[in-house]
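Understanding the architecture of this molecule
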Amino acid sequence: MANVSRKSQACPLIKIEPTEELFIVSFPESARDNTDIKVESVIEPTLYQLYDFADEIAYTPESALHEGLGMVKTLKVAIEKIELGSSKLRKDVWLREIDSLLNQVGPTTMIAICGATGAGKSSTINALLDVDVVPTSGMRACTAVVTEIAYHAAPTIDANVSFLSEAEWREELIVLLDDLKAEGGNLKRTTDLRGDVEVAWHKIHAVYPSITLPQLAKMTVDQMLTCDTNITRVFGTTRKISVQDSRSFAEGIATYIDSSMDQKRRGKKDKTQKNKSKKTNASDNLVLSTEEKKDHDVALWPLIRQVNILCNAQALSTGAILVDLPGVADINPARNRIAKDYMKKCNCIWILAPITRAVDDKTARDLLGEAFRLQVMMDGNYDAHTITFIATKSDDITCSEVISDLDLEDDTVLKEIESRITLCTEETTELKLKKVDAELQTKTISEQLEQLQVFLQQCQIHKMALANGKTFTPQLTATAHQVTQSVGKKRKNTRRGESGPAKRQKSSTGENSEDDHDGDMDVDDTHGGQKSFEEEQEEHEKEDTQHDDGIENEPEEVTVQILSAKIDDTQQAIKAGSKQLDDARKAHMNVTNALENLQRKETEARRDQSTFCSLKRSEFSCNVLKEDFRVGLKQLDDTAAEEQNPDSFDPTQNLRNYDEIDLQVFTCSSRDYVRITGRIERDGDPSCFSNVKDTGIPALQQWCHQLAVGSQLRAAKQFHSQLRMFANSVRVYADGIGDVVVADSEALRKKWESVEGGLKQFKLSAMNIKVDPYGEPTGITPRLVKDFGACVERCVSDLQGLFRDGLEDKCRAGAVDAAKGAVQHVDEFAGSMHWNTYRATLRRNGSWHRDLNAELLIPFTRNIASSWSKLFESDLFAPLSSAITECVDRMLADVEASATTGLKDRACARRSDSQEEARLALGRIIKVVEEALVQEQKEISRCLAPHVQTELIDGYELAAGQRGKGSVTRQKTVFHTYVATHKHAIFDGGAEVLLNRLTAAAEAIGKAVNELLRELAEKVEVSISVLWEGMPDDLRVRSQIFQSVSQMLDQLAMWSQAAERVSLAS
């Protein structure tokens, strides 16, 4: 039978022809009359690529996982052929192991992209992906929803756009209507078009374009929700987009996530309506006519909960997922919750800020505010490996400022560039003068030729008139004669230097001469001896006039012969003039081309100057941002150290080596990257950079790729290790333990098997579990479960003790500090904003453009952040891991010790394999538990702000409910009084909530660990039970499985070698 191998991109398909091999197999007792029977071995078809040598493998984590899954499927097919009915426990454990392997997928690295409006997030994402999937706009913020972008191998760009539920939209509508209505239910004034009223109106009007503002003032939330059944059908649904190219996708997705689309549509119509009528009231601009209603389409962006995009972007191919967060000030509660949830789940954080503001605003030090920075620290993400800073818009450069600020005047590279610019400028000036001369000369000659053509025509008519005896009065004879003489002369442009004509000279006798003299020239001092073509032409005309004065004063008899001579002279003059015109035009074209080339050189030189200055600024900015990050980290460390030991705190002593902390900083120009790569048509030439590398985008793409590949490599290695151990267990089972005395194996079975009647009856219930004379369960699994339970109980108790000892005092002290500063902060908060904004914040329970609840907690979180971070960064489960390992080792040692002499060697070998299997399985369990605790601690650390908000709801409602004259002052006073009265209860209660949540988390972790460790106990028993279990009776199946699994283990060994080769190379 030929092997069927799955096609791989790494190398061509390998087909293995059937082979016949002979080997010795062992049989159960009933079949041992004829040992050493020769059995034909046939390798089963495989669902993975086969290699002859490790060097043939083009190793990537993705290919390792992909081929590993093929091996698991092949193994599953082989196992299904074994009759495991005699061992239910083995069947359960093996199927569970297969499911575990099949359900493993490549790990992902979630990157949260944060930055203020105008930071260039969307443009940077599009450049990073080389695909336009996020709309950009220079007018206003575009991204109004959370957008998750991940990789898929398909050539299409797909998206799922999910919408708010009706309850979520109702929750927001209530607040929006309150923003629009004044105390008496009338419309508020909208003099500030960027204020809260306008924001509320734009969101409502986008969804309900047919409703005017006066109508809205009389409507309830229920009426609005039912006024458009098309909108009602959208609630809670998901729309899918799938297109082939980025342009189509950008147009389609912008309809949903671009908050400026409705404004753009409205803008076109507003221009046509601009001068039709005058506004008499501030709210008139929000009232639509019937015709205007028809022009407005429904915009769904206010109803979007989230957008998930899949695209074939190489930067994401290793498992990176970008999450574009709209900002912490989104007034929609549902989207705000989604953004906060993503911040909990993210593995990395990218902070974006324009390079022109990044250094001055101390963005790397402050990290978008102290509350954000403390939360990141508590999440365990405040380090240089997790945070990346991206300074955007590096093409926005003013060279003179950079040169002055960074003292670059004496830089040799810059001097060379500036000398090129200076030379180009000087040569450009000269060429422009030459171009003017050439244009004037061309124009003059053209005009002269036109006059000659007219004169020639007149002479010809005059000649015909004389020949016919008719009278003719010439009109242009004198002028034409001068032109003929002028054009007929060959003038030399004798110049000193590169520009300016030489002055025409007279002879010493004072008589006019038609010949040019090259020597004894009069020099015009005003032009440094140089004259333009215009001046030279004036002198020629003057000479020609003087020369012709005597001719014009004498009457001339006109005959046919004279006219014929004039015609001949004029034709010769036209011919000579045409040649002069061609020469002048060629000269003009040459000057123009030279000027264009020179301008290109100057543009390149100036771009080189911009690139040089931008790169120097980037280098300086990177160093400053790195140092600012170190300063910010040191401030946090010092604050924590001072609070822990105020008497012994020494600010001059560093708590860690801050010089080793190297924040990843990138400076990028997405605009020039797009222009250089030519991805967008009609976008012009790059303004600063000439090559792609200098834009910083390729480096950022590589960093994105690198961030995720590490976890993929670790996952692939772990997957192959787990598969190798499982495959080896299957091979050992198929191979059997050889010739043993039945009584010896039965003795082990009786002592260590967990259930009566053998593992085929396995089910840990009171009906069939084996017990000792004292009623205690016996056997491997019950004993291990009992021992594991004791270990878990100690672990839970230890965790709760660590939480109390490490955090309780900090929480109590933090509550005191928060209560102490609460009233003052509330007053400062109220005084820092317009009264209307303050009232809107009260209506939203303190969370809008700023989150008052989180700000009130800053003293609290400042007290616990460092201790919290250190506690959860420590190895909390190391004692549990050691205790479980000891239990397993002790159990396996007891099994080996109880084996008879005939089984000693085999028991020793199985003990070693079983220990290794248990170690790997325990490592996976500990990893799962650690990840669960990390997510739980992130959840718990965020429970304080909702707690404070809940405790202050009555205060918010009392203050927001103030109406009438003096209500602004009263609402501040009411809220001030409420906080002063309840502050201790609020923050003391918050400390208790936090500690109780941690205690409950430890208990929940304990329950989860117990379930996982029960599976581990069963796995250990299955592994060691080979010593007494019967083997399959079908010899052919056993031989096939043994050879198939052996082949698989050989392939896994090659993959390990390939992985090692890649690791060493990197």
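All residue numbers here refer to positions counted from 1 along the written sequence of the relevant chain. It should be noted that, the model being predicted, local features are given only for residues of pLDDT at least 70 and side-chain atom pairs only at 80 or more, the latter also being counted only at that level, while totals for whole chains, interfaces and linings use all residues. Side-chain figures throughout are based on the complete set of non-hydrogen atoms in the structure, without hydrogens or water.

Of regular secondary structure, the protein chain possesses 32 helices and nine strands. A separation of at least 24 residues holds for 82% of the contacts in the protein chain among residues at least 6 apart in sequence. Using a 1.4 Å probe, the Shrake-Rupley method yields the accessible areas, and only the shown protein chains count as cover for residues. Summing over all exposed atoms, the protein chain offers an accessible surface of approximately 52,100 Å²; the carbon and sulfur share of this is 50%. Secondary structure elements are defined from DSSP: runs of H or I of at least 4 residues count as helices, runs of E of at least 2 residues count as strands, and each element is numbered from the N terminus. Should any heavy atoms of two residues lie within 4.5 Å, those residues are considered in contact.

Quick look at the sheet that holds strand β9 (residues 664-667) now. Whether two strands pair depends on DSSP finding at least two bridges between them. The strand order across the open sheet formed by nine strands is β4-β3-β5-β2-β6-β1-β7-β8-β9, and the pairing between neighbours is mixed. The open sheet is flanked by β4 (238-243) and β9, the only strands paired with a single partner. Mean inter-strand twist for the sheet, computed between neighbouring axes without regard to direction, equals 20°. Pairing analysis gives four bridges linking strand β8 (residues 387-392) to β9, with the strands arranged parallel. Interaxial angles span 0 to 180 degrees and are taken between N-to-C directions of axes, which are lines fitted to C-alpha atoms, for helices over the stretch in contact.

A few words now on the confidence of the model for the protein chain. Confidence scores labelled pLDDT are given residue by residue by the predictor and lie between 0 and 100. Model confidence for the protein chain is summarised by a mean pLDDT of 81, while 78% of its residues fall at 70 or above. With pLDDT under 50 throughout, residues 261-295 is counted as low confidence; its partners more than four residues away or in other chains account for 43 contacts. Counting interchain partners and residues more than four positions distant, the pLDDT-below-50 stretch residues 547-552 has seven contacts.

Another aspect to go through is the environment of Ser754. Along the chain, Ser754 falls in the loop between α23 (742-752) and α24 (780-831). With 27 residues separating them along the chain, Ser754 and Thr781 place their C-alpha atoms 6.2 Å apart. For Ser754, the side chain forms a polar contact with the main-chain nitrogen of Thr781, separated by 3.3 Å. Whenever a nitrogen or oxygen atom comes within 3.5 Å of another N or O atom, the pair is scored as a polar contact, on the condition that within protein one atom can donate a hydrogen and the other can accept it, and that pairs from neighbouring residues in sequence are kept only if both atoms are in side chains.

What follows concerns the packing of α24 against helix α27 (residues 858-873). Direction vectors running N to C along α24 and α27 enclose 165°, while the axes themselves pass 7 Å from each other. Looking at the two axes, α24 sits roughly antiparallel to α27. Crossing angle aside, the handedness with which α24 passes α27 is right-handed. When α24 is examined against α27, the residues Leu802, Phe803, Gly806, Leu807, Lys810, Cys811, Ala813, Gly814, Ala815, Asp817 and Ala818 are found in contact with a partner set consisting of Pro859, Phe860, Asn863, Ile864, Ser867, Trp868, Leu871 and Phe872. Angle categories: roughly parallel below 35 degrees, roughly antiparallel above 145, roughly perpendicular from 65 to 115, and oblique for all the rest. A clockwise turn of the near helix away from the far one marks a right-handed crossing, whereas an anticlockwise turn of less than a right angle marks a left-handed crossing.

With that out of the way, let us pick up a negative patch on the surface. Among the surface-exposed residues, Glu401, Asp405, Asp407, Glu409 and Asp410 lie close enough to one another that they form a single negatively charged patch. With respect to the helices and strands, Asp407 occurs in the loop between α16 (399-405) and α17 (412-467). Patch membership requires more than 30% relative accessible area and the absence of a salt bridge. Residues of like charge join within 9 Å; the nonpolar side chains Val, Leu, Ile, Met, Phe, Trp and Tyr join within 5 Å. Any Lys or Arg side-chain nitrogen located within 4 Å of an Asp or Glu carboxyl oxygen qualifies as a salt bridge. In this charge count, Lys and Arg are treated as positive and Asp and Glu as negative; neither His nor the chain ends contribute. Just so you know, the charge point we use is NZ for Lys, CZ for Arg, CG for Asp and CD for Glu.

On inspection of all chains with the given rule, the structure shows 38 salt bridges. With a closest N to O distance of 3.8 Å, Arg675 and Asp672 form a salt bridge. Pair noted here: Arg675 and Asp672 are both in helix α21 (residues 670-677), with a separation of three residues, about one helical turn. When salt bridges with common partners are traced through the structure, they connect Arg804, Glu808, Arg812 and Glu992 into a single cluster.

Pairing of aromatic rings covers Phe, Tyr and Trp, the last through its six-membered ring, and needs centres within 6.5 Å; plane angles under 30 degrees mean stacked, over 60 mean edge-to-face, and all others mean tilted. The full count for this structure, using the stated rule, is ten aromatic pairs. Each residue in the set Tyr51, Tyr59 and Trp1055 is aromatic and connected to the rest through ring pairs, giving one cluster. Sitting over the ring of Tyr342, Lys345 keeps its end group 4.5 Å from the ring centre. Only Lys NZ and Arg CZ are tested; either one counts as a charge over a ring when it is within 6 Å of the ring centre and within 35 degrees of the ring normal. For Arg844, the ring lying beneath its charged end belongs to Trp848, and the centroid distance is 4.1 Å.

Take the side chain of Asp637 next. Inspection of the secondary structure assignment puts Asp637 in helix α20 (residues 560-644). Throughout this description, buried means an accessible area under 20% of the type-specific maximum (1.4 Å probe, protein chains only), exposed means over 50%, and partly exposed covers the range between. According to the relative accessible area criterion, Asp637 is buried, its value standing at 5%. Those residues in contact with Asp637 that sit more than four places away from it in its chain are Met377, Leu655, Arg656 and Tyr658.

Along the chain, Glu602 turns up in helix α20. For the pair Glu602 and Ile417, spaced 185 residues apart in the sequence, the C-alpha separation amounts to 9.9 Å.

Turning to the environment of Val755, a few remarks are in order. With respect to the secondary-structure elements, Val755 resides in the loop between α23 and α24. Classification of Val755 as buried rests on a relative accessible area of 1%. Note: C-alpha distance between Val755 and Gly779 (24 residues apart in sequence) is 7.5 Å.

Glancing now at the nonpolar core. Residues belong to a common nonpolar core when they are buried Ala, Val, Leu, Ile, Met, Phe, Trp, Tyr or Cys residues joined through side-chain atoms within 4.5 Å. Counting 120 residues, the largest nonpolar core has Phe860, Phe877, Phe975, Phe987 and Leu1016 as its most contacted members. At 19 residues, α24 tops the list of elements feeding residues into this core. Discounting residues that sit within four places of it in the chain, Leu1016 has contacts with Phe788, Ile884, Ala918, Ala921, Leu922 and Ile925. In terms of nonpolar packing, the next biggest core, distinct from the first, is built from 68 residues, Ile111, Met219, Leu225 and Trp703 among them.

Judged from the six bridges that link them, strand β2 (residues 146-151) and strand β5 (residues 304-311) form a sheet pairing that is parallel. Within β5, the position partnered with Ala150 by the bridge is Leu310. One ladder, built from six bridges, connects strand β3 (residues 157-163) with β5; its direction is antiparallel. Looking across to β5, one finds that Ser162 is bridged to Gln306.

Let's shift gears to helix α12 (residues 333-345). Each residue after the first adds 1.5 Å to the expected span of a helix. Between its first and last C-alpha atoms α12 spans 19 Å; for 13 residues at 1.5 Å apiece the expected length is 18 Å, and the two agree. The set of residues buried in α12 consists of Ala334, Arg335, Asn336, Ile338, Ala339, Tyr342, Met343 and Lys344.

Moving on: unusual backbone geometry. Here the phi dihedral of Lys393 falls at roughly 60°; this positive angle occurs in a residue that is not glycine. The residue Lys393 is located in the loop between β8 and α16 in this model. Despite not being glycine, Asp407 shows a phi value in the positive range, around 55°. According to the relative accessible area criterion, Asp407 is exposed, its value standing at 61%.

In this section: the packing of helix α1 (residues 61-79) against helix α32 (residues 1035-1065). Where α1 contacts α32, the axes come no closer than 11 Å and their chain directions differ by 170°. When the interaxial angle is binned, α1 and α32 end up roughly antiparallel. Taken together, the residues of α32 that come into contact with α1 (itself represented by Ser63, Ala64, Glu67, Met71, Thr74, Leu75 and Ala78) are Ile1041, Ser1044, Val1045, Met1048, Gln1051, Leu1052 and Trp1055. Residues that form the contact of α1 with α32 fall into these classes: nine nonpolar, four polar and one charged. Under the grouping applied here, Gly and all other residues not named as nonpolar or charged are polar, the nonpolar ones being Ala, Val, Leu, Ile, Met, Phe, Trp, Tyr, Cys and Pro and the charged ones Asp, Glu, Lys and Arg.

Before going further, it helps to spend a moment on the state of the cysteines. A covalent bond between the sulfur atoms of two cysteines is referred to as a disulfide. Throughout, disulfides are identified as pairs of cysteine sulfur atoms within 2.5 Å of each other. The tally for this structure, following the rule as stated, stands at zero disulfides. In this structure Cys688 is not part of a disulfide, and its nearest cysteine sulfur, from Cys399, lies 7.2 Å away. Take Cys887: it sits in no disulfide, and the sulfur closest to it among the cysteines is that of Cys791, at 3.7 Å.

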